[in-house]
Amino acid sequence: MSANYIYEDAPKIVVEPPGPKAREILERDSKALMQSYVRWYPLVIDRAVNYIVQDVDGNLYIDFNAGIAVINVGHSNPRVVKAIKDQAEKFTHYSITDFAYIQAVEYAERLFRYVPIKGGKKIFYTNSGTESVECTLKVSRAYHKGSRQYIIGFIGAFHGRTYGSLSITSSKPAQRRYFSPLLPGVIHIPYPYPYRCPFNTRDPDECGRMTIEYLTSWVLDKVVPRDEVASIIIEPIQGEGGYIVPPKNFMRELRSVANEIGSLLIVDEVQTGFGRTGKWFAIEHFGVEPDLIALGKAIANGLPLGACVGKEEVMSIQQGGHATTFGGNPVALSAALSVLDVIESDKLVDNAARVGSYIIGRLNDLAEKYSFIGEVRGLGLMIGIEIVESRDSRKPNPSLLKNIIYRSFKKGLLVIGAGDSTLRISPPLTITREVADKAIDILEDIFKTVA
Ligand SMILES: Cc1ncc(COP(=O)(O)O)c(C=O)c1O
């Protein structure tokens, strides 16, 4: 598949998906793999270039998933591929836990230029988002020398599947069923979800204020002693929970509460990081400085890498207190360095902001026509379309969401859902306006059909 061929032809369905090759592989998959995944449609990938994916039967799709917000610099980006090959020829592993290498130092130094924390910073490398979150939780308790055991998280949050992260995850009961008991000391409060505010208001700012009021006057006054809270952990935009942007002032007020009670503020930027929202990190939209940040997904454009980054004085786990064999793998770090190169040289943060607001504009036009579009929201290329029964009822419409997603797949557009009934749009940050237009034309056709 040459690059020109796919750019010119996509999307192109040559065999109705799932074609014969896809069906055969899926049959074997169902026998060999534990079936704990939730798959939206039977896509079997053969290869991918930039924002186009080809399945095993030769169908070409526009990618509005980016491998779930991972492939920020485009599939098989040549500069990333070269970095991986070059490093693989030098050495592929030598555990950073016991030995040192330049890639780990160089990456940290370069990343720190973009991390929205002033002053000295330290990093700890992991292999995934969930491990980065685990690291922030452990760091936050260790920072207080074990004297503060509570962690405050948010309903609807997704932080990962290992036990610590799972204990603060709460976007679907299936994620927790049969796994309890989970980590003790975790308290969940509502996320300020302006479209469906748990406090029964339609005013976003009021929703933010009431969430803070709930935290201070109910949780902290009646349930949790203030001086026992180690950390508050939040996604600056809720991802898995429905691509929910909190009200403008909420994050600042949350920061003030954390300061008042002496707790750390952790932001989980695993999904929002590396330019996705039109800034390097989503928390920058809110003008707030966190104490700790969890990173993963797009950091190495698909190679397994994550990181927990924090204020120097906070990243203070004692020697022997935390480590991992593979975290900070040199091949993954070389890929991560090349990701920084590409984002910088191709100005992908700006592209995400520009193409993202163009997409939001087009989707808002569609929202005026179709009453099952409750709301279009998002920042940069992290965009959600709330699919509802009707604009007045605002009731989630998960079956319509599934229908739209499946029809998109059949027509050559890869997109999935989030939350109860949100269509989530998170293409590679390399996407152009022209390709975005093709994808939205497909959605528009489907909206017409299902209306
Ligand atoms: C915000 C957030 N945090 C953590 C994770 C967990 O990352 P991983 O699946 O790499 O463990 C995810 C994954 O979707 C996520 O979206």
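Parameters and conventions
Residues numbered from 1 in each chain as written. Predicted model: local features only at pLDDT ≥ 70, side-chain atom pairs only at ≥ 80, totals over all residues. Heavy atoms only, no water. Disulfide = S-S within 2.5 Å. Helix = DSSP H or I, 4+ residues; strand = E, 2+ residues; numbered from the N terminus. Pairing = 2+ DSSP bridges. Axes fitted to C-alpha atoms, helices over the stretch in contact; angles between N-to-C directions. Buried < 20%, exposed > 50% of the residue type's maximum accessible area, 1.4 Å probe, protein only. Contact = heavy atoms within 4.5 Å. Parallel < 35°, antiparallel > 145°, perpendicular 65-115°, else oblique. Left-handed = near helix turned anticlockwise from the far one by under 90°. Nonpolar A, V, L, I, M, F, W, Y, C, P; charged D, E, K, R; others polar. Phe/Tyr/Trp six-rings, centres within 6.5 Å; stacked < 30°, edge-to-face > 60°. Core = buried A, V, L, I, M, F, W, Y, C linked by side-chain atoms within 4.5 Å. pLDDT = per-residue confidence, 0-100. Near = heavy atom within 4 Å. Polar contact = N/O pair within 3.5 Å; in protein donor to acceptor, adjacent residues only side chain to side chain. Lys, Arg positive; Asp, Glu negative; His and termini not counted. Salt bridge = Lys/Arg side-chain N within 4 Å of Asp/Glu carboxyl O.

So, the state of the cysteines
- Inspection of every chain in the model, using the stated rule, returns 2 disulfides.
- The disulfide partner of C135 is C308, and the gap between their sulfur atoms is 2.2 Å. Taking the sign of the torsion about the S-S bond as the criterion, the disulfide between C135 and C308, at about -40°, is left-handed. Pair noted here: C135 is in helix 6 (residues 129-143) and C308 is in strand 10 (residues 306-311), with a separation of 173 residues, a long-range link.

Here's the deal with the sheet that holds strand 14 (residues 416-418)
- In spatial order, the strands read 11-12-15-14; together these 4 strands make up an open sheet with antiparallel pairing. Looking along the sheet, the strands with just one partner apiece sit at the ends: strand 11 (373-379) and strand 14. Each strand of the sheet is rotated relative to its neighbour by a mean of 30°, with strand direction disregarded.
- As paired strands, strand 11 and strand 12 (residues 382-387) are joined by 6 bridges and run antiparallel to one another. Bridged to L379 within strand 12 is M382.

Topic: the environment of L348
- Locating L348 in the fold gives a position in helix 11 (residues 348-369).
- Given a relative accessible area of 4%, L348 falls into the buried group.
- C-alpha separation for the pair L348 and G327, spaced 21 residues apart in sequence, amounts to 26 Å.
- If near-sequence neighbours (up to four positions away) are discounted, L348 is found in contact with N72, V73, V342, I343, L429 and T430.

Details of the packing of helix 5 (residues 102-112) against helix 10 (residues 330-345)
- Packing of helix 5 against helix 10 brings their axes to within 9 Å, and their N-to-C directions diverge by 30°. Overall, the two elements helix 5 and helix 10 adopt an arrangement that is roughly parallel. As helix 5 runs across helix 10, the sense of the crossing is left-handed. Of helix 10, the residues touching helix 5 (which contributes Q103, A104, E106, Y107, R110 and L111) are P330, L333, S334, A336, L337, L340, D341 and E344.
- Residues belonging to the contact of helix 5 with helix 10 are distributed by class as follows: 8 nonpolar, 2 polar and 4 charged.

What to know about the pairing of strand 5 (residues 150-154)
- Most of strand 5 is tucked away: 5 of the 5 residues are buried.
- With burial as the criterion, each face of strand 5 is covered, one bearing Y150, I152 and F154 and the other bearing I151 and G153.
- Examined bridge by bridge, strand 5 and strand 7 (residues 229-234) share 3 bridges and lie parallel to one another. Bridge assignment links I152 to a residue of strand 7, and that residue is I232.

Digging into unusual backbone geometry
- With omega at -5°, the peptide bond leading from P17 into P18 counts as cis.
- Of note, P18 is situated in the loop between helix 1 (3-9) and helix 2 (20-32).
- Following S180, the chain continues to P181 via a peptide bond in cis, the omega torsion being 5°.
- Within the fold, P181 resides in the loop between helix 7 (163-168) and strand 6 (186-189).
- Even without glycine at this site, A69 takes up a positive phi of about 60°.
- Take A69: its relative accessible area is 1%, and that puts it in the buried class.
- Of note, the phi angle at N200 is positive, near 60°, even though the residue is not glycine.
- Turning to its location among the elements, N200 is positioned in the loop between strand 6 and helix 8 (204-223).

Some remarks on the packing of aromatic side chains
- Under the defined criterion, the tally for this structure stands at 14 aromatic pairs.
- Judged by centre distance (6.2 Å) and plane angle (85°), the ring pair of F154 and F250 falls under edge-to-face. Pair noted here: F154 is in strand 5 and F250 is in helix 9 (residues 250-261), with a separation of 96 residues, a long-range link. Exposure class is identical for F154 and F250. Each is buried.

Quick notes on the sheet that holds strand 7
- Strand order in the open sheet made by the 7 strands is 4-10-9-8-7-5-6, with mixed pairing throughout. The sheet is open, and its two borders are formed by strand 4 (121-126) and strand 6, each paired with just one other strand. Pairs of neighbouring strands in the sheet enclose a mean axial angle of 20°, with direction left out of account.
- Bridge count for strand 9 (residues 292-295) against strand 10 is 4 bridges, and the pairing is antiparallel. Looking at the pairing, L292 lines up with G310 of strand 10.
- Relative to the sheet, helix 9 contacts strand 5, strand 7, strand 8 (264-268) and strand 10, its axis offset from that of strand 7 by approximately 170°.

Quick look at the nonpolar core
- Ranked by size, the top nonpolar core spans 116 residues in total, and within it Y107, L254, F274 and I404 carry the most contacts.
- Setting aside anything within four residues of it in sequence, one finds F274 in contact with N72, Y107, L111, W280, F281, L295, G296, A298, I299, L340, I343 and L429.
- V139, L264, I266 and A294 belong to the second-largest nonpolar core, a separate cluster that totals 17 residues.

Topic: the confidence of the model for the protein
- For the protein, per-residue confidence averages 97 on the pLDDT scale, and residues scoring 70 or more make up 98% of the total.
- Considering each helix and strand of the protein separately, the mean pLDDT is smallest for helix 1, with a value of 62, and largest for strand 9, with 99.

Side note on the site of the ligand
- Taken together, S128, G129, T130, F158, H159, G160, E235, D268, V270, Q271 and K297 make up all the residues around the ligand.
- G129 places a polar main-chain atom, nitrogen or oxygen, 2.9 Å from an oxygen atom of the ligand.
- Between the ligand and T130, the relevant distance is 2.8 Å, taken from an oxygen atom to a main-chain nitrogen or oxygen of the residue.

With respect to the side chain of K121
- Here K121 lies in strand 4.
- No salt bridge is formed by the buried K121; its nearest oppositely charged neighbour, E289, is found at 7.1 Å.
- Here the side chain of K121 touches I117 through a polar contact of 2.6 Å, landing on its backbone oxygen.
- Residue contacts for K121: discarding those within four places in its chain leaves F112, V115, G310, K311 and E312.

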